Amino acid sequence: MLQRATRLPTRVLIHVHTDSGGFDATLGNLSATGARLLGVPDQALRVGDQVDILCQGQSHRAEVRWHFDDTCGLMFSGPLDEGQITTILASRMIN
């Protein structure tokens, strides 16, 4: 059985870029392989969409894996390294 990556709770304001535009959202948790987005506008994302998560000058490509109300789960195209995770977590902009 595969073990899920450790999820780190956070509240970081990020920008999401899609083929049809972009919007601000909040990371609710973060792991090396994915993240949970909070505050996703209605109809902004669908399962299977490719997005870029922008935070602290870094861009991370991800796919929307699930979507419910204003929350969705993302899987990064490649795992984040420890330095990338530390940079994102250090950028906490909201409490």
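Residues numbered from 1 in each chain as written. Predicted model: local features only at pLDDT ≥ 70, side-chain atom pairs only at ≥ 80, totals over all residues. Heavy atoms only, no water.

Concerning the pattern of salt bridges
Within the structure shown, the criterion is met by 2 salt bridges. Asp52 is the partner of Arg61 in a salt bridge, and the nearest nitrogen-oxygen pair spans 3.0 Å. Residue Glu63 pairs with Arg65 through a salt bridge whose shortest N-O separation is 4.0 Å. The exposure class of Glu63 is partly exposed, given its relative accessible area of 25%. (Salt bridge = Lys/Arg side-chain N within 4 Å of Asp/Glu carboxyl O. Buried < 20%, exposed > 50% of the residue type's maximum accessible area, 1.4 Å probe, protein only.)

Thoughts on the nonpolar core
Among the nonpolar cores identified, the biggest contains 22 residues, and Ile14 and Leu37 are the most heavily contacted of them. Secondary-structure elements contributing two or more residues to this core are β1 (8-18), β2 (21-30), β3 (34-38), β4 (50-55), β5 (58-68), β6 (71-76) and α1 (82-90). Ranked by residue count, the leading element in this core is β2, at 4 residues. Once residues within four sequence positions are removed from consideration, Ile14 is found in contact with Phe23, Asp24, Ala25, Leu27, Leu37, Ile53, Leu54 and Cys55. (Core = buried A, V, L, I, M, F, W, Y, C linked by side-chain atoms within 4.5 Å. Helix = DSSP H or I, 4+ residues; strand = E, 2+ residues; numbered from the N terminus. Contact = heavy atoms within 4.5 Å.)

Notes on unusual backbone geometry
Even without glycine at this site, Gln56 takes up a positive phi of about 55°. With respect to the secondary-structure elements, Gln56 resides in the loop between β4 and β5. Exposure remark for Gln56: the relative accessible area of 51% places this residue in the exposed category. Residue Asp69 is not a glycine yet carries a positive backbone phi of 50°. You can call Asp69 exposed: its relative accessible area is 56%.

Re the layout of surface pockets
Computed from the structure, the largest pocket encloses a volume of approximately 250 Å³. What lines the largest pocket is a set of 14 residues, and nearest its centre among them are Arg7, Gly34, Ala35, Trp66 and Leu74. Elements that contribute at least two residues to the lining of the largest pocket include exactly β3, β5 and β6. Grouping the constituent residues of the lining of the largest pocket by class yields 5 nonpolar, 5 polar and 4 charged. (1 Å grid on protein atoms, 1.4 Å probe; cavity = no way out; pocket = protein on both sides within 12 Å on 5 of 7 lines; lining within 4 Å. Points joined across faces, edges and corners; volume = space filled by probe spheres on them. Nonpolar A, V, L, I, M, F, W, Y, C, P; charged D, E, K, R; others polar.)

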